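# Tertiary structure, described
Chain by chain, the residues run as shown.
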Amino acid sequence: MKIISWNVNGIRAVAKKGLADFLRQEQPDIIGLQETKISDAKKAEHDFDLAGYQEHFFGAQRPGYSGTALLVKDKVKVLALKNGFGLKKFDIEGRTQVLELEKFYLVNVYFPNSNHELSRLPYKIDFNSALLKYLKKLVAKKPVVLMGDFNVAHEAIDLARPKDNEGNAGFTPEEREDFSKFLASGLIDSYRFLNGQKIQYSWWSFRATARSRNIGWRIDYITVSAKLKKHLKK
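So, a few notes on the structure that sits alongside this text.

Calculation notes
Residues numbered from 1 in each chain as written. Predicted model: local features only at pLDDT ≥ 70, side-chain atom pairs only at ≥ 80, totals over all residues. Heavy atoms only, no water. Helix = DSSP H or I, 4+ residues; strand = E, 2+ residues; numbered from the N terminus. Rg over C-alpha atoms; globule rule 2.2 N^0.38 Å. Buried < 20%, exposed > 50% of the residue type's maximum accessible area, 1.4 Å probe, protein only. Contact = heavy atoms within 4.5 Å. Areas by Shrake-Rupley, 256 points an atom, 1.4 Å probe, with all protein chains shown as cover. Lys, Arg positive; Asp, Glu negative; His and termini not counted. Charge placed at Lys NZ, Arg CZ, Asp CG, Glu CD. 1 Å grid on protein atoms, 1.4 Å probe; cavity = no way out; pocket = protein on both sides within 12 Å on 5 of 7 lines; lining within 4 Å. Points joined across faces, edges and corners; volume = space filled by probe spheres on them. Nonpolar A, V, L, I, M, F, W, Y, C, P; charged D, E, K, R; others polar. Expected span 1.5 Å × (residues − 1). Pairing = 2+ DSSP bridges. Axes fitted to C-alpha atoms, helices over the stretch in contact; angles between N-to-C directions.

## A word on the overall build of the protein
- Summing up its helical and strand segments, the protein has 8 helices and 12 strands in all.
- Taking 17 Å as the expected radius of gyration for a compact globule of 234 residues, we find that the protein reaches 17 Å, a close match to that expectation.
- Across its three principal directions, the C-alpha atoms of the protein cover 45 × 40 × 35 Å.
- Counting only residues that meet the buried cut, the protein has 50% of its 234 residues in that class.
- Taking the contacts inside the protein whose residues are at least 6 apart along the sequence as the reference set, 69% of them involve residues at least 24 apart.
- Accessible surface for the protein amounts to roughly 12,300 Å². Of this, 51% is attributable to carbon and sulfur atoms.
- Distance between charge centres in the protein, computed from 39 positive and 27 negative side chains, equals 3 Å.

Laid out in structure tokens, this is it:
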């Protein structure tokens, strides 16, 4: 099974830049999108040419903000789909989707950004705590794949300039510790498991030609229950 996680920073923008072509080329069985920036009402007005996929969108109440989506190949048997995890203050931002498959749960998440001045750090810490509590209930039933934009670089190796960013949004002790709690609950960072200390980033600032100079952050992850590690291939 091929699973992809992708923060698209706006579904309408990425659709114009070849989302349908990407799906035809990569042929993922499931793709989880984050930061779709489209309400459920606006989604009804658009056809993104996603033939062959079941479309499950979860928009935020605030227009043009946050939001997630799961695109699932028609051949994949879905037992259940849940948008949100039962807490209104988080669910109104369209951040979490839970897909139940035969052998595992897939949880697609767009974690809150703590913001430049850390104004949303308390909200993010609360979100992390609530999500971890919910995940433990899922794991009691079957293994979990937790993936998405976590908005945190876990270790110094996960960003190009760790010393310059100590205490900044996405690299605060609190956010890093919370990521460690997810791993301590029995989840494995699949990239680190397969690639050791190899350096790879998933996000680059638009400023100062950061991408061309590879001054980036690894803030997007696919984590899996330890029971699934023997099935990991890439």
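Okay, back to it.
## Brief notes about empty space enclosed by the protein
- A complete count under the given rule lists 1 cavity of 30 Å³ or more for this structure.
- Contributing to the lining of the largest cavity are Phe111, Lys124, Asn128, Phe150, Val152, Glu175, Asp178, Phe179 and Phe182.
- Of all the secondary structure elements, the ones that give two or more residues to the lining of the largest cavity are helix 5 (121-139) and helix 7 (173-184).
- In terms of residues, the lining of the largest cavity owes the most to one element, helix 7, which gives 4 residues.
- In the lining of the largest cavity, the residues fall into 5 nonpolar, 1 polar and 3 charged.

## Comments concerning helix 5
- Taking 1.5 Å as the rise per residue, helix 5 with 19 residues should run 27 Å; its terminal C-alpha atoms sit 26 Å apart, in good agreement.
- Taken together, the buried positions of helix 5 are Leu121, Tyr123, Lys124, Phe127, Asn128, Ala130, Leu131, Leu132, Tyr134, Leu135 and Leu138.
- Where helix 5 is buried, its residues contact strand 5 (80-83), helix 4 (88-91), strand 6 (96-100), strand 7 (105-110), strand 8 (144-149) and helix 7.

## Comments concerning the layout of surface pockets
- Roughly 160 Å³ of volume is contained in the second largest pocket.
- Here the lining of the second largest pocket takes 4 residues from helix 5, the largest share from any one element.

## Side note on the sheet that holds strand 2 (residues 30-34)
- Spatially, 4 strands are ordered 1-2-4-3 in an open sheet, and the strand pairing comes out mixed. Of all strands in the sheet, those bounded by a partner on one side alone are strand 1 (3-7) and strand 3 (53-58). On average, adjacent strands in this sheet sit at an angle of 15° to one another, irrespective of strand direction.
- Pairing analysis gives 5 bridges linking strand 2 to strand 4 (residues 68-73), with the strands arranged antiparallel. From the neighbouring strand, Gln34 faces strand 4, where its bridge partner is Thr68.
- The sheet strands contacting helix 2 (residues 19-26) are strand 1, strand 2, strand 3 and strand 4, and the helix crosses strand 1 at an angle near 160°.

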